[in-house]
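Topology and contacts: notes
Take a look at the letters that make up each chain.
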Amino acid sequence: MKNRKTFLGQLLAMAAAMLLSACDPVCTEELVVKNMSGHDVVVTRYHTVHPGLWNDWQPIEDSVRTDVATIKDGDETKSIEGRLGVTGRQRIEYAMERLYWQDSVRFEFDDGTTRVFRPDCDTVWGPYAFGSDSYTYEDKPARGLTFRGDILWARLTYTLTQEDYDRAKEIVPSVNRRR
């Protein structure tokens, strides 16, 4: 009887160890856009729905969609993404570029000043310039027993400033201008 209890205890301990080690952690990524430009701004994000499994069965001719948010001066907007796994600076930048900003972004300030950004040509300043001072990154490593040290929460904040507004007022040369 004693051997049976010992065997059952060992079996339960192994099952518990397998469950703890087989589980993936859940991470949270906060994607924040803060407006400190001195002006209200309308942020329009464009994304293309490509044919395939994730297109919500939309026909190709209706494949461009938009998300519009008005951010008052001094306010912020936040998108929270949760998923299995861990996060970090590189992963959250990918999420900000691909899931939040997507194909292109248009900033329209309250006086009509407008600037459009695309990831393939606007990487010095603006929303696709992840190495700029406009971005701040925060994270918290896990303190638990199973995922100790892994990053399970991170926040990436893009801040629009007065300098961004001034840059948006500058004339932008046409990328496709013929000579």
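Heads up: the structure comes first, above all this text.
Attention here is on the structure that accompanies the text. (Residues numbered from 1 in each chain as written. Predicted model: local features only at pLDDT ≥ 70, side-chain atom pairs only at ≥ 80, totals over all residues. Heavy atoms only, no water.)

Quick look at the packing of aromatic side chains
Counted only if it meets this: Two rings from Phe, Tyr or Trp (for Trp, the six-membered ring) form a pair when their centres sit within 6.5 Å of each other. Planes less than 30 degrees apart are called stacked, planes more than 60 degrees apart edge-to-face, and all others tilted. Partly exposed describes any residue whose relative accessible area lies between the buried limit of under 20% and the exposed limit of over 50%, with all areas from a 1.4 Å probe on protein chains only and scaled to the type maximum.
Tallying each qualifying case throughout the model produces 9 aromatic pairs. Geometrically, the ring pair formed by Trp101 and Phe107 is edge-to-face, given 6.1 Å between the ring centres and 70 degrees between the ring planes. Judged by relative accessible area, which is 0%, Trp101 ranks as buried. Assessed through its relative accessible area of 1%, Phe107 is described here as buried.

Digging into the sheet that holds strand S8 (residues 151-161)
We count it as follows: Any two strands with at least two DSSP-identified bridges between them are counted as paired. Think of it this way: any DSSP run of H or I at least four residues long counts as a helix, any run of E at least two long counts as a strand, and we number them from the N terminus. Every axis in this analysis is a line fitted to C-alpha atoms, fitted for helices over the stretch in contact. Angles between the N-to-C directions lie between 0 and 180 degrees. Between two residues, a contact is recorded if the distance between any of their heavy atoms is within 4.5 Å.
On the basis of which strands lie adjacent, the open sheet formed by 4 strands has the order S4-S1-S8-S7 and mixed pairing. Each edge of the sheet is formed by a strand with only one pairing partner; in this case those strands are strand S4 (76-84) and strand S7 (135-141). If you compare each strand with its neighbour and ignore which way they point, the axes differ by 15 degrees on average. Bridge count between S7 and S8: 7 bridges; the pairing is antiparallel. Counterpart to Glu138 in the pairing with S8 is Arg155. Set on the sheet, helix H2 (residues 89-101) makes contact with strand S1 (26-36), S4, S7 and S8; between it and S1 the angle comes to about 65 degrees. Of the strands in this sheet, S1 and S8 are in contact with helix H3 (residues 162-169), which crosses S8 at around 55 degrees.

Observations concerning the nonpolar core
To be explicit about the condition: Here, nonpolar core means buried Ala, Val, Leu, Ile, Met, Phe, Trp, Tyr and Cys residues that are tied together by side-chain atoms lying within 4.5 Å of each other.
Within the largest apolar cluster, 24 residues are counted, with the highest numbers of intra-cluster contacts made by Met96, Trp101, Phe107 and Tyr158. Only S1, strand S2 (41-48), H2, strand S5 (104-109), S8 and H3 provide two or more residues apiece to this core. Considering each element in turn, this core owes the most residues, 5 residues, to S8.

Here's the deal with the sheet that holds strand S3 (residues 64-71)
Strand order in the open sheet formed by 4 strands is S3-S2-S5-S6, and the pairing between neighbours is antiparallel. In this open sheet, the two edge strands, each paired with only one partner strand, are S3 and strand S6 (114-117). In this sheet, neighbouring strand axes are inclined to one another by 15 degrees on average, regardless of whether the strands run parallel or antiparallel. Bridge analysis of S5 against S6 gives 4 bridges, and the strand direction is antiparallel. Looking at the pairing, Glu108 lines up with Thr114 of S6. The strands touched by H2 within the sheet are S2 and S5, with S2 carrying the most contacts at an inclination of about 90 degrees.

Remarks on H2
Among the residues of H2, Ile92, Glu93, Ala95, Met96, Tyr100 and Trp101 are the ones counted as buried. Contacts made by the buried residues of H2 are with S1, S2, S4, S5, S7 and S8. Count one or two residues on from H2 and you reach Gln102, which has phi positive near 65 degrees.

What to know about the side chain of Asp164
Quick reminder of the rule: Under the convention used here, Asp and Glu are negative, Lys and Arg are positive, and both His and the chain ends fall outside the count. Should a side-chain nitrogen of Lys or Arg be within 4 Å of a carboxyl oxygen of Asp or Glu, the pair is scored as a salt bridge.
With respect to the secondary-structure elements, Asp164 resides in helix H3. Buried charged residue Asp164 carries no salt bridge. Nearest counter-charge: Arg167, at 4.2 Å. Non-local contacts of Asp164, meaning those with residues more than four positions away in its chain, are made with Trp125, Ser134, Tyr158 and Thr159.

Quick word on the pairing of S5
Note that S2 and S5 share 6 bridges and pair antiparallel. Opposite Arg45, over in S5, you have Val105 as the bridge partner.

Considering H3
In plain terms, the rule: Directions drawn from the helix axis to the C-beta atoms are what define this arc.
Every buried residue of H3 is listed here: Asp164, Tyr165 and Ala168. Looking straight down H3, one finds that the buried residues subtend no more than 100 degrees of arc, so they occupy a single side. Considering only its buried residues, H3 is in contact with S5, S6 and S8.

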